[in-house]
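Structural characterization, general
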Amino acid sequence: MSVTAGEDAIDHTDDLSRPQKRLLKRLYNGRTVPIMADDRLFLTYKDALRYLLSLPIDAREGAYAQMKAQARDAVR
């Protein structure tokens, strides 16, 4: 089995919490309009999760908050 460089660089010891993962799954379920965070577009849960896990913890919390706020504002 081959591991890509992106997967190899991810440190899974600082994983997202279970509630954070559940919210991300709800945000990205059936999404047709991407969510933007850190000037990047994310359309799928896996893309968003992979990106969040590649960030240091401080930056991860900020990007997660951006995704959450943008999805919340889009509903209104």
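This text follows the structure it describes.
The text that follows walks through the structure, step by step, so that each part is easy to find. All values derive from a computational prediction rather than experimental measurement. (Residues numbered from 1 in each chain as written. Predicted model: local features only at pLDDT ≥ 70, side-chain atom pairs only at ≥ 80, totals over all residues. Heavy atoms only, no water.)

1. Topic: the pattern of salt bridges
Per the stated rule, a full pass over the model turns up 3 salt bridges. Among the ionic pairs, D15 bridges to K21, the shortest N-O distance being 2.8 Å. Take D15: its relative accessible area is 35%, and that puts it in the partly exposed class. The salt bridge involving R50 is made with D47; its shortest N-O contact spans 3.3 Å. Of this pair, R50 and D47 both sit in helix α3 (residues 45–54), separated by 3 residues, roughly a single helical turn. (Salt bridge = Lys/Arg side-chain N within 4 Å of Asp/Glu carboxyl O. Buried < 20%, exposed > 50% of the residue type's maximum accessible area, 1.4 Å probe, protein only. Helix = DSSP H or I, 4+ residues; strand = E, 2+ residues; numbered from the N terminus.)

2. Focus on the nonpolar core
One finds L24, L27, Y28, F42, L52 and M67 to be the most contacted residues of the largest nonpolar core, which totals 19 residues. Contributing elements (two or more residues each) for this core: α2 (18–28), β1 (35–37), α3 and α4 (57–75). Excluding its chain neighbours within four sequence positions, the residues that come into contact with M67 are L24, L27, Y28, I35, A37, F42, A48, Y51 and L52. (Core = buried A, V, L, I, M, F, W, Y, C linked by side-chain atoms within 4.5 Å. Contact = heavy atoms within 4.5 Å.)

3. Side note on unusual backbone geometry
Positive phi, normally seen in glycine, also occurs at D38, with a value near 55°. Here D38 shows up in the loop between β1 and β2 (40–42). For D38, a relative accessible area of 31% puts it in the partly exposed group. Located in the positive-phi region is D39, a residue other than glycine, with phi close to 60°. Inspection of the secondary structure assignment puts D39 in the loop between β1 and β2.

4. Observations regarding the packing of aromatic side chains
Evaluated as defined, the whole model comprises 1 aromatic pair. Relative to Y51, the ring of F42 has its centre 5.0 Å away and its plane inclined at 35°; by these criteria the two rings are tilted. Taken as a pair, F42 and Y51 share a single burial class, namely buried. (Phe/Tyr/Trp six-rings, centres within 6.5 Å; stacked < 30°, edge-to-face > 60°.)

5. So, the environment of Q66
Structurally, Q66 can be placed in helix α4. Between the C-alpha atom of Q66 and that of D38, which follows or precedes it by 28 residues, the distance is 8.1 Å. Those residues in contact with Q66 that lie beyond four places of it in its chain are A37 and D38.

6. Details of the packing of α2 against α3
Viewed as axis vectors pointing N to C, α2 and α3 meet at an angle of 140°, and their least axial separation amounts to 9 Å. By the angle between their directions, the pair α2 and α3 is classed as oblique. In this structure, the crossing between α2 and α3 has a hand that is right-handed. Contact with α2, carried on its side by K21, L24, K25 and Y28, involves Y45, A48 and L52 of α3 and no other residues of that element. (Axes fitted to C-alpha atoms, helices over the stretch in contact; angles between N-to-C directions. Parallel < 35°, antiparallel > 145°, perpendicular 65-115°, else oblique. Left-handed = near helix turned anticlockwise from the far one by under 90°.)

The quantities given are spatial measurements derived from coordinates; they are silent on function.
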